[in-house]
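So you can see what is in the structure, the chains are spelled out below.
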Amino acid sequence: MSTQQQSLEAVKDYADDYDLKLDWLDTRGEWGIKATPDARKGLTLEDIQTGSYGEVPDHTDNMTGRLRGAAQREGAYRTGGYTVRTKSDIWLTNAAMLYEEALQRQWSSATDIPWDTIKPLPDDVERAQCQLATFLTEVEFVAADVPGKWVAATSPDYFEPRMFLITQIMDESRHLDVFRKRAFANGGGLMQRPDVTTSGVVGSIDLSKDFTEMSSRLHISGEGAVLTIFRMGELMAYNEAEKYMYRLCGQDESRHVAFGVMHMRYLAETEPERKAEVHAYLDEGERALVAGNQNPAARDTAQSEALAVLLGGGQKHYDEGYKKLLAIRKRQSREYIQRIKSAGFGERFENGRANPELMEYAKA
Amino acid sequence: MPVFPSIEWFDTVRTAANETPEFRALGSNETNFGVKVGDQLIRLDFYAFECVSVAEIDEDGLLDVDFYLEMEPERWQSFIQHIQSNGVADAQHTFNTLDLNEPGGILRSHDPYRRNNFFRYHLTIQKFFDSAAAVETTY
Ligand SMILES: [Fe+2]
Ligand SMILES: [Fe+2]
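Residues numbered from 1 in each chain as written. Chains lettered and ligands numbered in written order. Predicted model: local features only at pLDDT ≥ 70, side-chain atom pairs only at ≥ 80, totals over all residues. Heavy atoms only, no water.

1. As for the overall build of chain B
- Along its length, chain B carries six helices and five strands.
- Counted from the first residue to the last, chain B has its helices and strands arranged as α-α-β-β-β-β-α-α-β-α-α.
- Structurally, chain B occupies a C-alpha span of about 35 × 30 × 30 Å along its principal axes.
- Within the span of chain B, comprising 139 residues, buried residues form 55% of the whole.
- The long-range fraction of contacts in chain B, counting pairs at least 24 apart against all pairs at least 6 apart in sequence, stands at 64%.
- Only carbon and sulfur atoms are counted for the fraction: they give 46% of the accessible area of chain B, which is about 5,600 Å².
- With 10 positive and 23 negative side-chain charges, chain B shows a separation of 6 Å between the mean positions of the two kinds. (Helix = DSSP H or I, 4+ residues; strand = E, 2+ residues; numbered from the N terminus. Buried < 20%, exposed > 50% of the residue type's maximum accessible area, 1.4 Å probe, protein only. Contact = heavy atoms within 4.5 Å. Areas by Shrake-Rupley, 256 points an atom, 1.4 Å probe, with all protein chains shown as cover. Lys, Arg positive; Asp, Glu negative; His and termini not counted. Charge placed at Lys NZ, Arg CZ, Asp CG, Glu CD.)

2. A closer look at the domain arrangement of chain A
- Once the domains are mapped, chain A shows domain 1 (1-32) and domain 2 (87-363).
- Using C-alpha coordinates to define each centre, domain 1 of chain A is positioned 55 Å away from domain 2 of chain A. (Domains from an automatic or database assignment.)

3. A look at the pattern of salt bridges
- Summed over the entire model, instances satisfying the criterion amount to 39 salt bridges over all chains.
- Between B:Asp99 and A:Arg331 there is a salt bridge; the shortest N-O distance is 3.8 Å. Taken together, the residues B:Asp99 in helix α4 (residues 95-101) and A:Arg331 in helix α12 (residues 318-343) connect one chain to another.
- B:Arg108 is the salt-bridge partner of B:Glu70, the closest N and O atoms lying 2.7 Å from each other. You can see B:Glu70 sitting in strand β4 (residues 67-71) and its partner B:Arg108 sitting in strand β5 (residues 107-108), a full 38 residues away along the chain.
- Residue classification places B:Arg108 among the partly exposed residues on the basis of a relative accessible area of 26%.
- What emerges from the salt-bridge pattern is a single network uniting A:Arg231, A:Arg331, A:Glu335, B:Asp99 and B:Arg115. (Salt bridge = Lys/Arg side-chain N within 4 Å of Asp/Glu carboxyl O.)

4. With respect to the coordination of the iron ion (ligand 1)
All names here are of chain A.
- Protein-derived coordination of the iron ion (ligand 1) comes from Glu-140 (OE), Glu-172 (OE), His-175 (ND1) and Glu-253 (OE), at a distance range of 2.0 to 2.3 Å.
- Classification of the site at the iron ion (ligand 1) as irregular follows from its four donor atoms and the range of 81 to 145 degrees in their angles at the metal.
- Here the iron ion (ligand 1) and the iron ion (ligand 2) are spaced 3.3 Å apart, with Glu-172 acting as a shared donor. Of this pair, Glu-172 and His-175 both sit in helix α5 (residues 159-183), three residues apart, which is roughly one turn of the helix.
- Since its relative accessible area comes to 0%, His-175 is described here as buried. (Donors = N, O, S within 2.8 Å, 3.2 Å for Na, K, Ca; no water. Tetrahedral: all angles 85-135°; square planar, octahedral: opposite > 155°, others 65-115°.)

5. A few points about the pairing of strand β3 (residues 50-56) of chain B
All names here are of chain B.
- Summarising the sheet, strand β2 (residues 40-48) and β3 pair through six bridges and their orientation is antiparallel. Looking at β3, one finds that Tyr-47 is bridged to Glu-50.
- Hairpin connection from β2 to β3: one residue lie between these consecutive antiparallel strands. (Pairing = 2+ DSSP bridges.)

6. Description of the environment of A:Val139
All names here are of chain A.
- The residue Val-139 is located in helix α4 (residues 123-153) in this model.
- What makes Val-139 buried here is its relative accessible area of 13%.
- In sequence terms Val-139 and Gly-260 are 121 residues apart; their C-alpha atoms lie 17 Å from each other.

7. Some thoughts on helix α1 (residues 7-18) of chain B
All names here are of chain B.
- Across its twelve residues, α1 extends 16 Å between first and last C-alpha, which sits within 8% of the 16 Å expected from 1.5 Å per residue.
- Turning to α1, its buried residues number three or more, namely Trp-9, Phe-10, Val-13, Ala-17 and Asn-18. Buried residues in α1, looked at end-on, bunch into an arc of 155 degrees, giving them a common side.
- At its buried positions, α1 is contacted by α2 (21-25), β1 (29-37), β2, β3, α3 (73-86) and α6 (122-130). (Expected span 1.5 Å × (residues − 1). Arc of directions from axis to C-beta.)

8. Topic: the packing of aromatic side chains
- Applying the stated criterion across every chain yields a total of 30 aromatic pairs over all chains.
- Pairing A:Trp91 with A:Tyr158 gives two aromatic rings, centres 6.4 Å apart and planes at 65 degrees, and the pair type is edge-to-face. With a gap of 67 residues between them, A:Trp91 in the loop between α2 (87-90) and α3 (95-104) and A:Tyr158 in the loop between α4 and α5 connect regions that are remote in the sequence.
- A:Trp91 gets classed as buried once you look at its relative accessible area, which sits at 9%.
- Centroid distance B:Phe23 to B:Phe128: 6.3 Å. Interplanar angle 55 degrees. Geometry classified as tilted. On the criterion of sequence distance, the pair formed by B:Phe23 in helix α2 and B:Phe128 in helix α6 is long-range, its members being 105 residues apart. Side by side, B:Phe23 and B:Phe128 carry an identical accessibility label, which is buried.
- A cation over an aromatic ring shows up here: A:Arg247 above the ring of A:Tyr244, its NZ or CZ 5.0 Å from the ring centre.
- Sitting over the face of the ring of B:Tyr113, A:Arg265 holds its NZ or CZ atom 5.2 Å from the ring centroid. (Phe/Tyr/Trp six-rings, centres within 6.5 Å; stacked < 30°, edge-to-face > 60°. Lys NZ or Arg CZ within 6 Å of the ring centre and 35° of its normal.)

So this is what it looks like as structure tokens:
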């Protein structure tokens, strides 16, 4: 008998002698787990997806807030009104890794942006920058607000994607604040809020009753388009501060897009019968990409005109800026098509289902 | 003096980058990518907070990397020389800008999901090449 067992027996004997109830000592999940830290990364969530603790149920009726693998307790309250209780509704193969990456790649809008590089700009350029910042703060608000609702709706048995969403809320909050700070950093301020950011298509992200429906609208259509904008930030920034804003936000955004792509890929592989439904979400997302207010590079909105002013170098060079904007749309459309193919839904580009206007943009 | 491009050159930059606190402070990453200089192909593996290895590969090896950055040797040379005279790549010389400005782009990949890793880690990748500033180089 090991020393550990001997001391446990001694405690139990003592409990018997004095009529103490220590049955909780024997009520536990799988025992003897010894997770090994990764030599370079440290002890990550992936390292503790081990033994039965790494087994994720296909469906769960756990409504009590009990974390996966802990022993049940009779009489526990049903504290959670979780609607996400089916694995394929939210799962992806690498949520744990994306979560750890999000923690490691945080940054601060207060200290990581060289704010002192912002110098006075011509009035039209400053107004365009502030219009874009006004648009982006609201978009980022939605991008944090919506996952927030899904955090509370997800069973603790699927805590890895749930915790990724929490990191996304942090990221989007920082995006909101960095664009708000930019609006106030150079003698400008906020401009008119976009027409339909919290209604219309972006609003419909929030009306989604299904996680994949929300994810296809938010992570794939919405954030994919915004990622392209951030990537083009190099071309429309007027100082190092703006460049850093776009670069740092772009890194976060590509992580959110990666989450969406990997979730859709998982769903396509495990529940192909749901593909038709996802195609319907994508139909709607594509309409928004070409004409909606969620995409600042879509046509005829205050923010698309602001982009043209910024890209051209002022109102006088609007036409030149507009040409660059068309190049952004082309890139957005191409990157979107690649993303959807990678997520396992590429058939829509072969069978004529994809939005014809989007396909034109990609060809242009 | 290490010759660009060679394993010796990339290894020297690798050591310099791994010793740079700002490089590690950008956060963990997990990617591998190719650098294509004319016909010469180098693969770099990044893991956790460092660049863990560099190796020479052939064209088939490009199928195994997340993405690769391709420029003609003269373009690479002026890119490295710019970093060495400026200390870091300025906004006109980031890989992202070069990709946007070059007619066919410089970022290539066989897999759109893995291509996204460039955007996920582009500041880390840029910082790695900034470490070439202190590496005496011949071409
Ligand atoms: Fe964002
Ligand atoms: Fe995002």
